[in-house]
Amino acid sequence: MTSLIQQEAQLFDYEGQQLRRKRIFGAFAAGHGVMFSPEGEYTGPNLGHTPRPNDLMGHCVNYLGSGNPDAVRTANAVLRRLPMIECHFLPNRSLWLLRTCPHLLEEDVRKKLDDYSCSHLDGFAGEDQDFVGVNDNFPCVSAYTLMAGGLRFGRPELYERGCVRLRQLKEMLTRRGAASEYASPTYSLLQLHALAQLGELTAETDPEMHRLVLDCEARIWADYLAHYYLPADRLAGPYSRSYTSTLVEWTTHPAALYLLFGDSVPGGLPEEEREALMVRHNHHILAADFHCPPLLREWLAGRQYPFSYEATTEFHASSDEVIGVQKLWSDPDAGPGDEGAVLEEYASGSGRVSTYMTEAYSLGVASREWHCGSQTDTFLALYTTRAPIRGRRDVRTVFARYSVNDRLPGQTNAYPELGTVNGPMLFWDQGRKLGVHHKNTAMMLYKPRLYARKQVRSLRLMVLMPLSDGRPEEIWLGGRRLEGTEGEHTGLVPVCLKDGRTYMAFHPLVPVDHGRKQAVRVEEANGYLILSFYNYEGEERDFRAAEFALTGNGFVCELGSEAEDGSFSAFRERIGQGQVQVEDRYLSNVHMRGAMIRKSVYSRPGVQLACEYSPVSEGIRYMTVNGRQIGETRLLADGLDAAQLPFLGEEDGEGGDGAAG
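None of these values were measured; they are calculated from a predicted model. (Residues numbered from 1 in each chain as written. Predicted model: local features only at pLDDT ≥ 70, side-chain atom pairs only at ≥ 80, totals over all residues. Heavy atoms only, no water.)

**A look at the confidence of the model for the chain**
Predicted coordinates in areas of low pLDDT are best not read in detail. Residues with a pLDDT of 70 or more make up 94% of the chain, whose mean pLDDT is 92. Below a pLDDT of 50 lies the segment residues 324–340, which in the model reaches 23 contacts outside its immediate sequence neighbourhood of four places, other chains included. Scored below 50 in pLDDT, residues 653–661 makes 35 contacts in the model with residues more than four places away or belonging to other chains. (pLDDT = per-residue confidence, 0-100. Contact = heavy atoms within 4.5 Å.)

**Observations concerning the packing of helix α13 (residues 253–261) against helix α14 (residues 271–280)**
Between α13 and α14, the least distance of the axes is 9 Å, while the angle of their chain directions is 105°. In terms of orientation, α13 and α14 fall into the roughly perpendicular class. Judged by residue contacts, Pro 254, Leu 257 and Tyr 258 of α13 engage Arg 274, Leu 277 and Met 278 from α14. Taken together, the residues that form the contact of α13 with α14 break down as five nonpolar, no polar and one charged. (Axes fitted to C-alpha atoms, helices over the stretch in contact; angles between N-to-C directions. Helix = DSSP H or I, 4+ residues; strand = E, 2+ residues; numbered from the N terminus. Parallel < 35°, antiparallel > 145°, perpendicular 65-115°, else oblique. Nonpolar A, V, L, I, M, F, W, Y, C, P; charged D, E, K, R; others polar.)

**Regarding helix α15 (residues 294–301)**
All of the buried residues in α15 are Leu 296, Arg 297, Trp 299 and Leu 300. Across the axial projection of α15, the buried residues extend over an arc of 160°, all falling on one side. (Buried < 20%, exposed > 50% of the residue type's maximum accessible area, 1.4 Å probe, protein only. Arc of directions from axis to C-beta.)

**Some remarks on the sheet that holds strand β22 (residues 597–604)**
Strand order in the open sheet made by the five strands is β21-β22-β23-β24-β25, with antiparallel pairing throughout. Both outer strands of the open sheet, β21 (581–587) and β25 (628–629), are each paired with one neighbouring strand and no more. Looking at chain direction, strand β23 (residues 607–613) and strand β24 (residues 620–625) are connected through five bridges and run antiparallel. Of the residues in β24, the one forming a bridge with Tyr 613 is Ile 620. (Pairing = 2+ DSSP bridges.)

**Here's the deal with the nonpolar core**
Core analysis: the largest hydrophobic core is formed by 181 residues, its most contacted members being Leu 79, Phe 379, Phe 506 and Phe 555. Per-element tally for this core: the top contributor is helix α11 (residues 207–226), with 11 residues. When neighbours within four sequence positions are excluded, Phe 555 is seen to be in contact with Phe 379, Ala 400, Ala 442, Met 443, Met 444, Leu 461, Val 463, Phe 506, His 507, Pro 508, Leu 509 and Phe 533. Met 443, Leu 509, Val 607 and Tyr 613 belong to the second largest nonpolar core, which has 15 residues in total. (Core = buried A, V, L, I, M, F, W, Y, C linked by side-chain atoms within 4.5 Å.)

**A word on the sheet that holds strand β16 (residues 495–499)**
In spatial order, the strands read β10-β11-β20-β17-β16-β13-β14; together these seven strands make up an open sheet with antiparallel pairing. Where the open sheet ends on each side, the last strands, each with one partner, are β10 (431–438) and β14 (480–481).

**Structural notes on the side chain of Glu 618**
Its place among the elements puts Glu 618 in the loop between β23 and β24. Overall, the relative accessible area of 10% leaves Glu 618 in the buried class. Here the side chain of Glu 618 touches Arg 432 through a polar contact of 2.6 Å, side chain to side chain. When near neighbours in sequence (up to four residues on either side) are disregarded, Glu 618 contacts Tyr 346, Arg 368, Arg 432, Lys 447 and Tyr 613. (Polar contact = N/O pair within 3.5 Å; in protein donor to acceptor, adjacent residues only side chain to side chain.)

**Considering the packing of helix α5 (residues 69–81) against helix α7 (residues 107–119)**
Between α5 and α7, the least distance of the axes is 9 Å, while the angle of their chain directions is 45°. Between α5 and α7, the interaxial angle falls into the category oblique. For the pair α5 and α7, the crossing hand works out as left-handed. Residues Asn 76, Leu 79, Arg 80 and Arg 81 of α5 form the contact with α7, whose own contacting residues are Asp 108, Val 109, Lys 112 and Leu 113. Within the contact of α5 with α7, the residues separate by chemical class into three nonpolar, one polar and four charged. (Left-handed = near helix turned anticlockwise from the far one by under 90°.)

**Observations concerning unusual backbone geometry**
The step from Tyr 305 to Pro 306 runs through a cis peptide bond, and the omega angle for that step is 5°. Mapped onto the secondary structure, Pro 306 falls in the loop between α15 and β3 (307–315). For the bond from Ala 387 to Pro 388, the omega torsion is -10°, close enough to zero to count as cis. Inspection of the secondary structure puts Pro 388 in the loop between β6 (379–384) and β7 (395–404). Here Thr 251, not a glycine, exhibits a phi torsion of approximately 50°, which is positive. Inspection of the secondary structure assignment puts Thr 251 in the loop between α12 (244–248) and α13. Positive phi, close to 50°, is recorded for Asn 626, a residue that is not glycine. Note on placement: Asn 626 falls in the loop between β24 and β25.

**Observations regarding the pairing of strand β12 (residues 456–466)**
In terms of burial, β12 is largely enclosed, as 10 of its 11 residues are buried. Relative to β12, β7 is paired through six bridges, and the arrangement is antiparallel. Looking at β12, one finds that Arg 401 is bridged to Met 462. Where β12 and strand β19 (residues 528–541) come together, 10 bridges link them in antiparallel fashion. Bridging across to β19, Arg 460 finds its partner in Tyr 534.

**Side note on the packing of aromatic side chains**
Tallying each qualifying case throughout the model produces 23 aromatic pairs. Aromatic pair Tyr 536 and Phe 543: ring centres 5.8 Å apart, planes at 85°, arrangement edge-to-face. One exposure class covers both Tyr 536 and Phe 543, and it is buried. Between Phe 543 and Phe 548, the ring centres sit 5.3 Å apart and the planes meet at 40°, which makes this aromatic pair tilted. Across the pair, Phe 548 and Phe 543 agree in class, each one buried. In this structure, Arg 303 is placed above the aromatic ring of Trp 299, and the distance from its NZ or CZ to the ring centre is 4.6 Å. Sitting above the plane of the Tyr 536 ring, Arg 541 keeps its charged end 5.9 Å from the centroid. (Phe/Tyr/Trp six-rings, centres within 6.5 Å; stacked < 30°, edge-to-face > 60°. Lys NZ or Arg CZ within 6 Å of the ring centre and 35° of its normal.)

**Some thoughts on helix α8 (residues 137–152)**
Between its terminal C-alpha atoms α8 stretches 22 Å, which fits the 22 Å expected from 16 residues at 1.5 Å a residue. A large share of α8 lies buried, amounting to 14 of its 16 residues. Just past α8, the residue Gly 154 takes up positive phi, approximately 65°. (Expected span 1.5 Å × (residues − 1).)

Right under this line is the structure:
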């Protein structure tokens, strides 16, 4: 076994990871005196809320891992006064610290973490923590909690329960090309870190489970690195689950890339900006030694553009109910929602995630939503305005949200029907959506969520671009160039943007008009450029449920660049109304017995995207690219033989070869 560990240490470059981790953790830990008093009281920036114990313990993981004696003392002071509440993450991190650095914990702190961990293990053994096609980070994290706790406290039944959970993950990754909680800027690294923790835990005691853990970790790395967009040093979309901060900020991803590769695979950010991120962001989810296979490291290091990736994924049934979750995890006093609100059940299913990258931009689309979809970025574009980038000021993000009653990003929004209020960090999508994608073209189809159908003043789909790092050079509304960032049109005209070397066009798909002042509006609000496509704007009114479900919206996005199209005028001509044909309508017939379906077809030379589905049931008849059904290949990626990945060999079914499209 010692020989195996030595082989893995060389294979996965443990020594290099540990040296680079010291640098990353040390940079953040140097600010411990600003974040906490000597007594462990939080004195850092005003977050708008009381810091959660989980977040504070994350600081401690970082401080203890840095080896900085002053930061270690601060960590003990914080842990000593930390309220050990019911929390999904606290037992995991407590057991990690007890196992990896007990010598750095003062005796009373060590006993506190030991007692807390021991008393909270049984709650992680239930089915709520299984892999059920939803929050994959939960079962990953809880598997370590059960297995580490089972070993520490002599509970073999808990260790075995964690093993069962990991076999569930293998089953899912055999069925699908990606996990359910795929490409999340918040949660993918959490999954990887938990699996890395398990890799360390099982290395000396359980060879069979150790191999399984490393295989699962390799598969999550494959999806993560497929989405890593090196020119911008960011994770590209689509995102299963995100927050406003992870849409706008780089967070810990450049540090993760550096931890794995050092300087051998440089991301696009200049060194000084990477250093600033190490100081600013807490990187506690980089505490374990990762097991990214050389095959995947070489795949990213040798990436050629254009690059395509697609994978299948699955999701379980859900709804927009949030009070039960709040009561369980964050706010026991959360009140009831609107008793008159109708909360739809969203069916289980499967879908396709796809990403297309060039040197100038990436475009990611998911055919279906993760969970209830309010945090799913089924459409996400990242692009650069020049090469090489000079820093974050040359990188842009574009995403979309359906909004009822003019809820906007960058502010606090109330959702009385759901009994909750969200601060700026969480801007929910109030629409349900589907996506069809081929290379640099995406067709997104939306409808509003049923719970929001009463007391409606406006219904619009918004394409959003944060302006904190810059704004487009040119915006065209139909055939007119805007003087600034304000304009509107009564017709469903395209909006075209030029931003450095990258070009974008958005063709609205709005087959339903309930009455509106304008069809398309361009404006700036709360630090965002907003392109709005309206279904309704007028006096407050209620909608019937069937009427609301059949309120279609959407858009087609086209991306281009100076390298592909030459001039911006040539790009606008290529995707202009003379080149494009659109069919977007509702239809029914006697054989459907009154059911309505939406048929949407977008065509231009070289590409046709088509979808026919029932907006009420969300059942899909077909989604095609150039006449071919999509979403039937588990995993397909340029430069990677998918059959070499765990659980995707011939014995498991089809793998993949060639280029994804």
